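Survey of secondary and tertiary structure
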Amino acid sequence: MYDDLSAGHRHAVERVQRALATSTTGAGTVELVVGGLHETSALVDLFVERGVTAVMHFAASASVGDSVSDPASYYHNNVVGTLSVLAAMQRAGVKRFIFSSTCAIFGEPVETPIGEDHPQRPVNPYGESKLTVERALPHFERAYNMQWMALRYFNAAGADPEGWLGEDHSPEQHLIPRAIAAARGGDPLVLFGDDYETPDGTCLRDYIHVGDLATAHLCALQALEAGHASAAYNLGNGRPHSVREVIAVVEEVVGQPVAARLGPRRAGDPAVLYAANRSIQEGLGWRPRVVDLRTIVEDAWRWHEAHPHGYDT
Ligand SMILES: NC(=O)c1ccc[n+]([C@@H]2O[C@H](COP(=O)([O-])OP(=O)(O)OC[C@H]3O[C@@H](n4cnc5c(N)ncnc54)[C@H](O)[C@@H]3O)[C@@H](O)[C@H]2O)c1
């Protein structure tokens, strides 16, 4: 694992190390190397020293709002940083790349559910930065014989069911952890508009369990190893849920009301966003294990209840 810890947590890796040490499944080990995406030579050395054969590239700046106010840093981290990783792979002879892309590459949906052939018109620098990388990948394949998969996540949510790993962002911008925090007496949740053309007026989104997201990465790598062509897949649960539905489920699971107040709509927030996931199911043999919102919220709650101050508790 390679991360500069700008938003990541050393304790998260230590937990995985402890879990693997006591595991009876024969799973391997994980090591944390602290470093930045732009340190190309360090990456080359690392890839060569460790005999790396594939890279799963999750590291990025990932806030839509921040990307609008500071596009330069988003292009620098997500585009230049990723090109540095790809350059290091090329120099070290690493041939397989799994890329964390996003549904933000599509922009305002013209139809839902969103399939792979949906027009790609990002409306913010975050989406543009990911699409720029996606567009580079076929060129790297042609020139350097580098195989790739781009997985366009919808809303990653939940936590690992054993309670080792959960969400700890600062500031937290994701709905489920924010609703959980509000239910525990933290800041009230701000509802960004309730006059959308949806059944209850709030936005509909696709929440995919982080465990299903992880499994999809393994399926993608195994598919490349088995000769599957490079490809981009939309990766979502395939079921839309409204903000109010999420709040209701959080209230049920936590057993407390979620304090919420109404705010204005956010610019660039489409009313409905959810994935068509038939392609990835057929192409990679992946299936979402957790399809119901309640299990996603229960797993998230188990982690937040045990870690009220995140990884440092
Ligand atoms: N969370 C979601 O709902 C979601 C949705 C779509 C796509 N994604 C993508 O999934 C990936 C992971 O997202 P996340 O929500 O876990 O974000 P996150 O911010 O929790 O994790 C990103 C990680 O990248 C590291 N990082 C950032 N810049 C780095 C750099 N220059 N060098 C080294 N490490 C660096 C951070 O320290 C952090 O550990 C991102 O690529 C994001 O764009 C996430």
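Quick note: structure is the one above.
Residues numbered from 1 in each chain as written. Predicted model: local features only at pLDDT ≥ 70, side-chain atom pairs only at ≥ 80, totals over all residues. Heavy atoms only, no water.

Thoughts on the nonpolar core
Ile176, Tyr207, Val250 and Val258 are the most contacted members of the largest nonpolar core, which has 26 residues in total. If you tally residues by element for this core, the top one is helix 8 (residues 243-254), at seven residues. Apart from the residues within four sequence positions on either side, Val258 is in contact with Ala179, Ala182, Ala183, Leu189, Ile247, Val250 and Glu251. Counting 22 residues, the second largest nonpolar core, distinct from the first, contains Val55, Leu86, Phe99 and Ala150. (Core = buried A, V, L, I, M, F, W, Y, C linked by side-chain atoms within 4.5 Å. Buried < 20%, exposed > 50% of the residue type's maximum accessible area, 1.4 Å probe, protein only. Helix = DSSP H or I, 4+ residues; strand = E, 2+ residues; numbered from the N terminus. Contact = heavy atoms within 4.5 Å.)

Comments concerning the pattern of salt bridges
According to the stated counting rule, one finds 10 salt bridges in the structure shown. For Arg152, the salt bridge identified is with Glu134, shortest N-O distance 2.8 Å. A residue pair is termed long-range when its members are at least 10 positions apart, and Arg152 in strand 5 (residues 147-153) and Glu134 in helix 5 (residues 125-144) qualify at 18 residues. Residue Asp195 pairs with Arg265 through a salt bridge whose shortest N-O separation is 3.0 Å. (Salt bridge = Lys/Arg side-chain N within 4 Å of Asp/Glu carboxyl O.)

Some remarks on the site of the ligand
As a matter of local geometry, the ligand sits amid 25 residues, with Asp3, Phe58, Asn77, Tyr126 and His169 nearest to it. Note that an oxygen atom of the ligand is positioned 2.7 Å from one of the backbone N or O atoms of Phe58. Lys130 is positioned with one of its side-chain polar atoms (N or O) 2.7 Å from an oxygen atom of the ligand. Relative to its unbound accessible area of 830 Å², the ligand is 85% covered by the protein chains. Sorting the residues of the shell around the ligand by element identifies strand 4 (96-102), helix 5 and strand 6 (155-157) as the ones contributing at least two each. Broken down by class, the residue content of the shell around the ligand amounts to 11 nonpolar, 11 polar and three charged. (Near = heavy atom within 4 Å. Polar contact = N/O pair within 3.5 Å; in protein donor to acceptor, adjacent residues only side chain to side chain. Areas by Shrake-Rupley, 256 points an atom, 1.4 Å probe, with all protein chains shown as cover. Nonpolar A, V, L, I, M, F, W, Y, C, P; charged D, E, K, R; others polar.)

Observations regarding the sheet that holds strand 3 (residues 54-57)
Taken together, four strands build an open sheet; the order of strands is 3-4-5-9 and the sheet is parallel. Either end of the sheet is taken by a strand with one partner, and the two such strands are strand 3 and strand 9 (231-235). Adjacent strand axes in the sheet meet at a mean angle of 15° when their direction is disregarded. Here strand 5 runs beside strand 9; their pairing, made up of five bridges, is parallel. If you follow Met149 over to strand 9, its bridge partner there is Ala231. Running over the sheet, helix 5 touches strand 4, strand 5 and strand 9 and is turned about 155° from strand 4. (Pairing = 2+ DSSP bridges. Axes fitted to C-alpha atoms, helices over the stretch in contact; angles between N-to-C directions.)

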